[in-house]
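# Examining the three-dimensional arrangement
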Amino acid sequence: MYICICKAVTDSAIREAVCQGACRMRDLKEGLGVSAQCGKCACHAKAVLEEALSKQSVMQSIPLEPGRLYEATA
C-alpha cells in the first residue's frame, strides 16, 4: 500500500528500511523522502515505522532453538 504518494513510498519500502537500520522518521525522510513534500503521510509512515520496529524487537527477543524449523509470520 502506498504511504507517501508524493514520493511513491510503500509500506513495504518502510519495512525494508527498518530492516536496513532505519529507526526514526528522520531516517525515512533522508532515505526514502517520506513526508519531505506535503507531509500528509507523516502519521501513517510513523505508524508503519513503529509497527515494523515493534515486530523487529519481538523477533530479536525470541530465542531460537537449534535444529527447529521456523515459519515466517506476517
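Refer to the structure above for everything that follows.
Everything in this summary refers to the structure shown in the same document. Counting starts from 1 at the beginning of each chain's written sequence and moves along it residue by residue. At least 70 in pLDDT is required for a residue's local features to be given in this predicted model, at least 80 for side-chain atom pairs to be given and counted, and no such filter applies to totals for whole chains, interfaces and linings, which use all residues. Hydrogens and water are ignored here; the side-chain numbers use all heavy atoms of the structure.

### Details of helix 1 (residues 11-19)
Per-residue accessibility, obtained with a 1.4 Å probe over protein chains only, is compared with the maximum for each type, and a residue is labelled buried under 20%, exposed over 50%, and partly exposed between these values. Labels follow the DSSP assignment, with helices taken as runs of H or I lasting at least four residues and strands as runs of E lasting at least two, numbered in each case from the N terminus. Listed in full, the buried residues belonging to helix 1 are Asp11, Ile14, Ala17 and Val18. Angularly, the buried residues of helix 1 cover 120 degrees about the axis, an arc narrow enough to put them on a single face. The secondary structure elements touched by the buried residues of helix 1 are strand 1 (2-4), strand 2 (9-10), helix 2 (25-32) and helix 3 (42-61). Of the residues one or two after helix 1, glycine 21 is the one with positive phi, at around 120 degrees. What the arc covers is the set of directions going from the helix axis to the C-beta atoms. By definition in these notes, contact holds between two residues if any of their heavy atoms fall within 4.5 Å.

### Examining the nonpolar core
As a rule of thumb, nonpolar side chains are buried together in soluble globular proteins. Buried Ala, Val, Leu, Ile, Met, Phe, Trp, Tyr and Cys residues form a nonpolar core when they are joined through side-chain atoms within 4.5 Å. In this structure, Ile3, Ile14, Met25, Leu28, Val34 and Ala45 are the most contacted members of the largest nonpolar core, which totals 15 residues. Among the secondary structure elements, those contributing two or more residues to this core are strand 1, helix 1, helix 2 and helix 3. For this core, the leading source of residues is helix 3, giving four residues. Setting aside residues no more than four positions away along its own chain, isoleucine 3 makes contact with Val9, Thr10, Asp11, Ile14, Cys41, His44, Ala45 and Val48.

### Points about the pattern of salt bridges
In what follows, salt bridge is the name for a side-chain nitrogen of Lys or Arg lying within 4 Å of a carboxyl oxygen of Asp or Glu. Under the counting rule described, the total for this entry stands at four salt bridges. The shortest N-O distance in the salt bridge between arginine 24 and aspartate 27 comes to 3.1 Å. The residue lysine 55 makes a salt bridge to glutamate 51 at a minimum N-O spacing of 3.6 Å. One end of the pair is lysine 55 and the other is glutamate 51, both in helix 3 and four residues apart, which spans about a single turn. The class of lysine 55 is partly exposed, set by a relative accessible area of 43%. Residue class for glutamate 51 comes out partly exposed when judged on its relative accessible area of 34%.

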